[in-house]
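One-letter residues, chain by chain:
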Amino acid sequence: MRDYLLTLCVTAAVTYLLTGPVRKFAIATGAMPQIRARDVHREPTPRLGGIAMFFGLCAGLLVADHLQNLNSVFELSNEPRALLSGAALIWIIGVLDDKFEIDALIKLGGQMIAAGVMVIQGLTILWIPVPGVGTVSLTQWQGTLLTVALVVITINAVNFVDGLDGLAAGMVCIAAAAFFLYSYRIWFRYGIEAAAPASLFTVILMGMCLGFLPHNMHPARIFMGDSGSMLIGLVLAAAAISVTGQVDPDALKIFEGSTRQATHAALPVFIPLLLPLTIIAIPVADLVLAIVRRTWNGQSPFAADRGHLHHRLLEIGHSHSRAVLIMYFWSALIAFGVVAYSVHSASMWSVLLIVALSAVGLVLLLLPRFTPRAPRWAEAFVPPRYRRRKTLPGSAVAALAYESEAAEASQVSQASQEEPEERTPVPAGVNGATAIGPRSRFPDRRKAGTHG
């Protein structure tokens with residue numbers, strides 16, 4: 001765990017320190033597109049934040065390669081090299097799109113090629129547990145098609161949800177944390193080395209997101225762009241593929257009985273990882289709804305609009321920060337709820353806790369104008385808008401009003417004493433204001449637009 005923490009800190013530090021220079025580079029190269037109709041921000045903001053995130057990925061892999069406990073991941077598996085190859089390709093495509101706005105079909109083809117590069121180097125799904133059947137070994141073509149489809153869906157799901165400041169990075173960080181808890185449990189508790197690459201990928205992914213978030217929180221100083229959203233989507237998909245398609249369910253040896261019984265018993269554990277879309281359910285739901293909505297309206301599935309979930313949260317009255325926090329809450333509830341259920345599927349407490357938190361989330365979702373107030377002992381640690389207004393007793397209010405009136409009277413009398421005997425009146429403008437003062441003492445009574 002200490003090596004994982006060191007890798008996470010190095011990745012986050014490199015990403016954080018490079019984001020500032022990358023922002024200046026994006027401004028210098030003109031990677032600041034004009035505000036579109038579907039955008040939420042009000043000022044042109046530079047993109048290319050994915051450059052810093054990619055170098056953070058490289059730094060994390062480099063540090064992990066020189067750590068004693070994590071070096072075995074590079075010696076026993078080719079998956080880190082496969083991830084770096086696919087990430088470099090998808091990153092280049094994203095940088096070109098951030099600068100030159102390439103066609104959506106070209107990006108889709110690049111995503112498929114990046115997934116194919118990872119498959120060629122061994123990062124692919126080999127088998128899947130199927131309910132009622134058992135562990136099914138996939139052919140080369142089946143594994144390739146399933147891997148490519150999973151990578152493309154995950155990349156576009158993350159790309160679709162990248163519409164508010166800090167939203168995509170925070171949601172992917174939550175999903176990566178949930179994946180890490182599961183994969184680290186398999187590796188550390190059951191001694192399965194095949195789960196080690198997934199643990200490394202998710203730690204690096206958390207570092208990339210945490211290092212970029214301080215620059216991307218509202219109001220954002222830089223956007224990750226497609227170079228960042230497609231990159232973190234690919235890393236998340238690679239972690240899911242590694243822990244799902246490389247870990248043999250029978251190797252856990254925690255269930256007894258036939259293969260079919262073992263699959264039924266292990267269903268809560270493996271289905272969330274076979275379908276990582278349950279971990280990123282919010283982005284995938286947004287993706288599916290966007291495709292259905294655009295197709296129904298006769299548009300291209302890749303056409304941009306303002307019908308995403310985060311846009312709807314803003315329309316019903318939520319503020320920018322509140323909408324992001326609500327999306328964080330639901331992502332964390334689904335991700336960690338699925339992981340908790342996979343570990344303790346026989347316990348009803350986890351289900352009851354998920355139901356209770358879901359009720360709380362619905363209440364917050366349906367009360368967009370409700371502003372929670374922090375207790376008085378915590379007011380020093382929260383923003384001013386969450387603090388209680390201090391009320392004064394009636395006598396204190398009357399005293400303050402009396403003092404303010406006396407001060408105004410003294411200022412007026414002092415000004416009248418200091419006024420010179422001869423003054424040159426300054427004519428007022430159209431609305432009574434002048435360039436040297438708020439209003440002339442001898443205003444011109446003419447109406448606006450009249451002459452003479």
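My aim in this report is to walk through the structure given alongside it, one point at a time. (Residues numbered from 1 in each chain as written. Predicted model: local features only at pLDDT ≥ 70, side-chain atom pairs only at ≥ 80, totals over all residues. Heavy atoms only, no water.)

### Considerations on the overall build of the protein
Stated formally: Helix and strand definitions follow DSSP, with helices as H or I runs of at least four residues and strands as E runs of at least two, each counted in order from the N terminus. We call a residue buried when its accessible area falls under 20% of the maximum for its residue type, exposed when it is over 50%, and partly exposed in between, using a 1.4 Å probe and counting protein chains only. Exposure was quantified through the Shrake-Rupley algorithm and a 1.4 Å probe, taking into account, for residues, occlusion by the shown protein chains and nothing else.
Looking only at helices and strands, the protein has 16 helices and two strands in total. For the protein, with 452 residues in total, the buried portion stands at 44%. Here the protein has roughly 24000 Å² of accessible surface; of this, 64% comes from carbon and sulfur atoms.

### Looking at helix α4 (residues 79–100)
The condition is simple: By definition here, a helix of n residues has an expected span of 1.5 Å times n minus one.
Helix length check: α4, at 22 residues, gives a terminal C-alpha distance of 31 Å against a target of 32 Å (1.5 Å per residue), a fit within 8%. Along α4, the positions that sit buried rather than exposed are Glu 79, Pro 80, Ala 82, Leu 83, Gly 86, Ala 87, Ile 90, Trp 91, Ile 93, Gly 94, Asp 97 and Asp 98. Directly after α4, the chain includes Glu 101, whose backbone phi takes a positive value near 55 degrees.

### Comments concerning the side chain of Thr 124
Counted only if it meets this: We call two N or O atoms a polar contact when they sit within 3.5 Å, provided that within protein one can donate a hydrogen and the other can accept it, with sequence-adjacent residues counted only if both atoms are side-chain atoms.
Tracing the sequence through the fold places Thr 124 in the loop between α5 (104–120) and β1 (127–130). The class of Thr 124 is buried, set by a relative accessible area of 12%. At 3.1 Å, the side chain of Thr 124 forms a polar contact with the side chain of Thr 147.

### Remarks on unusual backbone geometry
The bulk of non-glycine residues show a negative phi, and the bulk of peptide bonds are trans. Pro 219 follows His 218 through a cis peptide bond whose omega is -5 degrees. Turning to its location among the elements, Pro 219 is positioned in the loop between α8 (196–216) and α9 (225–245). In this structure, Leu 48 is a non-glycine residue whose phi angle is positive, near 65 degrees. Take Leu 48: it is sitting in the loop between α1 (2–29) and α2 (50–65). Residue Leu 48 is classed as buried on the basis of its relative accessible area of 3%.

### Focus on the state of the cysteines
Cut-off, in case you're wondering: Criterion for a disulfide: a pair of cysteine sulfur atoms at a distance within 2.5 Å.
Here the structure, examined in full by the defined rule, presents zero disulfides. You can see Cys 173 has no disulfide; the closest cysteine sulfur is in Cys 209, sitting 5.4 Å from it. Cys 173 sits in the buried class, given a relative accessible area of 11%. Residue Cys 209 is classed as buried on the basis of its relative accessible area of 0%.

### Some thoughts on the pattern of salt bridges
As a reminder of what qualifies: Every case where a carboxyl oxygen of Asp or Glu lies within 4 Å of a side-chain nitrogen of Lys or Arg is listed as a salt bridge.
With the rule as written, the count across this model stands at three salt bridges. The closest approach of N and O atoms between Glu 101 and Arg 47, which form a salt bridge, is 3.1 Å. Here Glu 101 is found in the loop between α4 and α5, whereas its partner Arg 47 is found in the loop between α1 and α2, with 54 residues between them in sequence. The class of Arg 47 is buried, set by a relative accessible area of 10%.

### Focus on the packing of aromatic side chains
Quick note on the threshold: A pair of aromatic rings is counted whenever rings of Phe, Tyr or Trp (Trp by its six-membered ring) have centres within 6.5 Å, and the orientation is called stacked for planes under 30 degrees apart, edge-to-face for over 60 and tilted otherwise.
Taken as a whole and judged by the stated rule, the model has seven aromatic pairs. Taken together, a centroid distance of 5.4 Å and an interplanar angle of 80 degrees make the contact between Tyr 4 and Phe 180 edge-to-face. On the criterion of sequence distance, the pair formed by Tyr 4 in helix α1 and Phe 180 in helix α7 (residues 167–190) is long-range, its members being 176 residues apart. Like Phe 180, Tyr 4 is buried. The structure contains a cluster of three or more aromatic residues connected by ring pairs, namely Tyr 4, Phe 180 and Tyr 184.

### Let's talk about α1
So the rule is basically this: At any given residue, the bend is defined as the angle formed between two axes, one fitted to the seven residues that end at that position and one fitted to the seven that begin there.
Its 28 residues give α1 an end-to-end C-alpha distance of 40 Å, which sits within 8% of 40 Å, the value for a rise of 1.5 Å per residue. Of all bends in α1, the biggest is about 35 degrees, found at Thr 19, and the proline Pro 21 comes one to four residues later. Along α1, the residues that are buried comprise Asp 3, Tyr 4, Thr 7, Leu 8, Thr 11, Ala 12, Thr 15, Thr 19, Val 22 and Ala 26. Looking one or two residues past α1, Gly 30 carries a phi angle of roughly 80 degrees, positive in sign.

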